[in-house]
Amino acid sequence: MYRVRLFSIRHSRSFEWIYHRVEQALVALDPVLSRIGYQRVERPVALVEKVVKSVLFDCKMCGQCVLSSTGMSCPMNCPKQLRNGPCGGVRSGAYCEVKPEMKCVWSLAWDGASRMKNGAQIAEVLPPVERNLEGSSSWLRVSREKAAQLREAHEARRTTIAKAFPGARKVEPSTAPLVEEPEAAHLDPTIDRPAGAKGGQG
Amino acid sequence: MIDTNAIPAYTPPPEGHVSHSRLERVLRSGRFAITAELNPPDSADPADVYEAAQPLAEVVDAINATDASGANCHMSSIGISALLTRAGYSPVYQISCRDRNRIAIQGDVLGAAAMGVSNVLCLTGDGVGVGDQPGAKPVFDFDSLSLLRTIRTMRDDKLFLSGRKISNPPQLFLGAAENPCIEPYDWRPERLAKKVAAGAEFIQTNYIYDIPLFEKFMARVRDLGLDKKVFILPGVGPLASARAARWMRSNVPGIHIPDAVIHRMESAEKPSAEGKKICIELIQQIREIAGVSGVHVMAYRKEHQVSEIIQESGVLGARVK
């Protein structure tokens, strides 16, 4: 699907527009989705998202989609999975250091971003991927985060990630979440636990 | 170069500084800074580290301890850094994102700072495929930018990325790398801006052999005003022979050597001396470029030659050794 991916990046501006519409629709649906329960719609939405984005972008379902900030070039296709730009090993002709037959994902990203309306977002420093969110729906996370923003909940409970990456929070809310994952609330590391009750065997 | 206290007590950094780093003091005072790379031994004998460090210590402001560069296994950068601080030398602790995840790295940052390390260089790291153990699992949990922002958060906000408090934060001068002479050329300065936004306070670049290309990069850097926000130390190093240069160009990731330089090595009677001469000329040319704050010298297992290059290039000036 490498060629489809290149097509999507070439048409980054159109996809940016489509993405914006989809997002608006999902944010508008927030009251409905909240009533049904985000957990209940999670699996079907994630399935649709996986199929659509795999075809168009070689999506790896990291669960924290940043396509709007990377010129519609999915950074999870970078063998080093870099989230903030090309490494120092790019080959001549802008080919990948690790996979010499593939164009550098980040070289394409900057090209894609230069065609987008909000392409300047690529300058924002993004946090590392939260690996425990792999496989979950990014679309739902974005819409839930944006809806939360709209409800002016942002003073309620800010996570350190949201504070440390304020710009990322603004442009890609799902990467630096403000609202806690409902199903992950019990894993909150900011809550001091008694010494004997540390999670896992670690 | 020698700091008076090997591992100083935990005290606040000088006014206007983020660390006790000699490199930071030199740069902030506007002097031309010199750093060099120490090649890690394949040994557990501390004497091997000190032997390599000694010729460098006399002529540089900080010694870089590489972190399995080229994905080849050697003594760890944190081990070398700890040995160097014990002897009163000032290391730059290099952290590659390739081999460790965020839990390991944040812990090591505290450990290194406690050992007296005051400079870190945040790197992505070469892919495992080019190294001596290509079957290793690449980690890349952080990238160099999220790593910079994380250490800055640890230092300035006294917090781990999880939100847990750090009682006495690591006082570290934050560095990053840049590779101005490889693609995508147009976006390299933008990427540098992003590294500065992430927290970089000094930059050490990969090898520069192409001065016109580097000047083009620096012109854009000045247009963006980045030379006022970050100290830039271009990287240089002597070539051993034309054959070695060709080999490096095709086998080491991220190395650009123009044909003209290789031809000059080919036609030289004594290639090694010519390599040294080219390196000295590069330092002298780079020094004249506006926005450059120092130079970073790298040579694989040739610390004595690095010391000679620095002395013969004249960059030490009237500085007391």
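Let me sum up the structure you'll find in this document. (Residues numbered from 1 in each chain as written. Chains lettered and ligands numbered in written order. Predicted model: local features only at pLDDT ≥ 70, side-chain atom pairs only at ≥ 80, totals over all residues.)

### Structural notes on the overall build of chain A
Here is step 1 of the chain: A tally of helices and strands in chain A yields 8 helices and 0 strands.
Here is step 2 of the chain: Along chain A, helices (α) and strands (β) appear in the sequence α-α-α-α-α-α-α-α when read from the amino end.
Here is step 3 of the chain: Put simply, chain A has 202 residues, and 42% of those count as buried.
Here is step 4 of the chain: A sequence separation of at least 24 residues applies to 70% of the contacts in chain A between residues at least 6 apart. (Helix = DSSP H or I, 4+ residues; strand = E, 2+ residues; numbered from the N terminus. Buried ≥ 20, exposed ≤ 12 C-beta atoms within 10 Å, placed from the backbone. Contact = placed C-beta atoms within 7 Å.)

### Here's the deal with the interface of chain A and chain B
Here is step 1 of the chain: The interface of chain A with chain B comprises 30 residues on the first partner and 34 residues on the second.
Here is step 2 of the chain: No other element matches helix 7 (residues 160-164) of chain A, which puts 3 residues into the side of chain A that touches chain B.
Here is step 3 of the chain: Its residues assigned to classes, the side of chain A that touches chain B comprises 17 nonpolar, 10 polar and 3 charged. (Nonpolar A, V, L, I, M, F, W, Y, C, P; charged D, E, K, R; others polar.)

### Quick word on the nonpolar core
Here is step 1 of the chain: Counting 127 residues, the largest nonpolar core has Ile63(B) and Ile203(B) as its most contacted members.
Here is step 2 of the chain: Each residue touching Ile203(B), except ones within four places of it in the same chain, is listed here: Gly175(B), Ala176(B), Ala177(B), Glu178(B), Leu192(B), Val230(B), Phe231(B), Ile232(B) and Leu233(B). (Core = buried A, V, L, I, M, F, W, Y, C linked by C-beta atoms within 7 Å.)

### Looking at helix 1 (residues 2-10) of chain A
Residues and elements named next belong to chain A.
Here is step 1 of the chain: Burial in helix 1 covers these residues: Arg5, Ser8 and Ile9. Down the axis of helix 1, the sector holding all buried residues measures 100°, keeping them to one side. Exposed and facing more than 90 degrees away from the buried side of helix 1 are Arg3 and Phe7.
Here is step 2 of the chain: Check the buried side of helix 1 and you find it contacts helix 2 (12-28), helix 4 (38-57) and helix 5 (105-114). (Arc of directions from axis to C-beta.)

### Things to note about helix 2 (residues 46-57) of chain B
Residues and elements named next belong to chain B.
Here is step 1 of the chain: Helix length check: helix 2, at 12 residues, gives a terminal C-alpha distance of 16 Å against a target of 16 Å (1.5 Å per residue), a fit within 8%.
Here is step 2 of the chain: Of the positions making up helix 2, those classed as buried are Val49, Ala52, Ala53, Leu56 and Ala57. Angularly, the buried residues of helix 2 cover 135° about the axis, an arc narrow enough to put them on a single face. Among the exposed residues of helix 2, those oriented more than 90 degrees off its buried face are Ala47 and Glu51. (Expected span 1.5 Å × (residues − 1).)

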